[in-house]
Amino acid sequence: MWSGPPQPDQGLPPSLAAVPVSWKSTGPCQGHRESPGALVETSAGEEAQGQEGPAATQLDVLRLRSSSMEIREKGSEFLKEELHRAQKELKLKDEECERLSKVREQLEQELEELTASLFEEAHKMVREANMKQAASEKQLKEARGKIDMLQAEVTALKTLVITSTPASPNRELHPQLLSPTKAGPRKGHSRHKSTSSTLCPTVCPAAGHTLTPDREGKEVDTILFAEFQTWRESPTLDKTCPFLERVYREDVGPCLDFTMQELSGLVRAAVEDNTLTIEPVASQTLPAVKVAEVDCSSTNMCALSGLTRTCRHRIRLGDSKSHYYISPSSRARITAVCNFFTYIRYIQQGLVRQDAEPMFWEIMRLRKEMSLAKLGFFPQEA
């Protein structure tokens with residue numbers, strides 16, 4: 001007899017009690033009533049089927065759990081690998097960033113050093129340029145001053161050449177040419193270089209007549225003129241050149257050959273160096289100066305000739321404080337040589353703008369004056 005569905009308290013496991021059991025309908029649609037034996041068999045089969053179902057379910061659950069664990073483990077390993085790879089890439093990127101940061105710092109430092117160096121170099125160049133500009137401006141100013149001074153000197157020399165040539169000296173510009181009585185009262189002695197001296201005029205009272213160069217016959221000596229032209233191409237004061245060697249031998253040497261040889265040599269050297277000074281003698285006299293045992297303190301004794309003559313002039317050699325009184329004849333010989341050297345210095349400096357022939361005749365005239373002075377012709381002072 002079927003007693004209904006089994007209860008949980010009939011000794012079955014709780015899991016089986018929880019499993020639902022399907023029951024077939026026994027309604028009248030089947031058309032017959034089953035026997036009690038068939039019902040018992042059916043119930044036993046269903047009970048066995050009910051016991052096998054939970055075991056299979058539990059096995060499926062275990063399988064699901066095992067699969068889930070495998071999937072979880074594999075996923076965990078995959079994630080770990082990805083994390084490790086990501087960390088490795090991150091580390092590499094950090095190292096790259098650190099390297100780039102160092103490179104950037106190095107470049108910034110080099111840029112700063114380069115900028116500082118450029119600024120320092122620029123300031124140095126500007127400072128040097130300013131110093132050079134200041135020095136150039138100073139040199140330019142000095143050069144302009146020198147140019148102005150030289151132009152003034154050239155103008156003065158040109159004026160001197162025009163207004164006071166050896167042929168026609170300007171006595172207003174050269175007060176030493178005036179006699180002491182006409183020069184006016186002076187205190188001490190005024191100094192004048194030998195280049196300011198003049199030759200005697202064309203009137204020579206000692207000769208007894210007046211020389212008129214324009215009426216004299218003149219003829220150019222071809223040898224002398226050739227020597228002069230050679231010298232004129234490159235003017236020099238070197239006395240070894242043929243032109244000056246002849247003038248020294250024929251005119252300068254004899255004209256400055258005085259009795260007192262020692263003083264004569266000093267006078268000749270001073271004339272060549274343009275350091276000789278001729279001064280007019282004032283009323284008072286200076287202390288004595290002895291040369292070759294000759295007393296030169298007296299205005300009545302010529303220091304060059306040793307003769308007793310009235311000395312109205314005295315000479316000074318260079319910056320020496322010694323004075324030597326000279327006679328009018330000695331003064332005329334010295335001034336004749338000084339005038340010659342003055343003129344050739346003008347030619348050497350480019351101050352004489354003439355053709356070769358007028359310059360040659362002027363030099364011949366100066367040589368003539370030296371010859372006359374050597375022969376004893378000199379102008380009488382008023």
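Residues numbered from 1 in each chain as written. Predicted model: local features only at pLDDT ≥ 70, side-chain atom pairs only at ≥ 80, totals over all residues. Heavy atoms only, no water.

As annotated in an unreviewed UniProt entry, the chain carries the name RAB3A interacting protein like 1 and is attributed to Cebus imitator. Recorded under Sequence similarities (unreviewed entry), the UniProt text for the chain is reproduced unchanged: "Belongs to the SEC2 family." (UniProt positions renumbered as here; feature names shortened; annotations may be inferred.)

Visitor: Looking at this structure, how should I read the pairing of strand β3 (residues 276-280)?
Guide: β3 sits mainly inside the fold: five of its five residues count as buried. Alternating positions in β3 separate into two faces, Leu276, Ile278 and Pro280 on one and Thr277 and Glu279 on the other, with burial throughout. Taken together, the five bridges between β3 and strand β6 (residues 313-317) define a ladder with antiparallel strand orientation. Residue pairing across strands places threonine 277 opposite arginine 316, the latter belonging to β6. (Buried < 20%, exposed > 50% of the residue type's maximum accessible area, 1.4 Å probe, protein only. Helix = DSSP H or I, 4+ residues; strand = E, 2+ residues; numbered from the N terminus. Pairing = 2+ DSSP bridges.)

Visitor: It is not clear to me how the pattern of salt bridges should be interpreted in this structure. Could you clarify?
Guide: A side chain with one charge can pair with a side chain of the opposite charge if their charged atoms come near. Taken as a whole and judged by the stated rule, the model has 15 salt bridges. For the salt bridge of glutamate 250 with arginine 249, the shortest nitrogen-to-oxygen distance reads 3.7 Å. Given the relative accessible area of 45%, arginine 249 is considered partly exposed. The closest approach of N and O atoms between arginine 367 and glutamate 250, which form a salt bridge, is 2.5 Å. Pair noted here: arginine 367 is in helix α7 (residues 356-375) and glutamate 250 is in helix α4 (residues 242-255), with a separation of 117 residues, a long-range link. (Salt bridge = Lys/Arg side-chain N within 4 Å of Asp/Glu carboxyl O.)

Visitor: Looking at this model, I keep getting lost on the nonpolar core. Mind explaining?
Guide: In a soluble, globular protein the nonpolar side chains are often hidden away together inside. Among the nonpolar cores identified, the biggest contains 50 residues, and Val252, Val267, Leu276, Ile334 and Phe340 are the most heavily contacted of them. Taken together, the elements giving at least two residues each to this core come down to α3 (222-233), α4, α5 (261-273), β3, β6, β7 (324-326), α6 (328-348) and α7. A per-element tally of this core places α6 first, with 10 residues. With residues up to four places along the chain from it excluded, the contact list for phenylalanine 340 reads Leu244, Val247, Val252, Ile363, Leu366 and Met370. (Core = buried A, V, L, I, M, F, W, Y, C linked by side-chain atoms within 4.5 Å. Contact = heavy atoms within 4.5 Å.)

Visitor: Would you mind showing me how to read the packing of aromatic side chains here?
Guide: Within a pair of aromatic rings, the relevant descriptors are the distance that separates the centres and the angle that separates the planes. Per the counting criterion, the structure on display carries nine aromatic pairs. On the numbers, 6.5 Å between centres and 40° between planes, the contact of phenylalanine 225 with phenylalanine 228 is tilted. Of this pair, phenylalanine 225 and phenylalanine 228 both sit in helix α3, three residues apart, roughly one helical turn. Classification of phenylalanine 225 by relative accessible area gives buried; the value is 18%. Considering the side-chain rings of phenylalanine 360 and tryptophan 361, the 5.7 Å spacing of their centres and the 70° angle between planes classify their relative orientation as edge-to-face. One residue, lysine 218, lies across the ring of tryptophan 361, its end atom 4.9 Å from the ring centre. (Phe/Tyr/Trp six-rings, centres within 6.5 Å; stacked < 30°, edge-to-face > 60°. Lys NZ or Arg CZ within 6 Å of the ring centre and 35° of its normal.)

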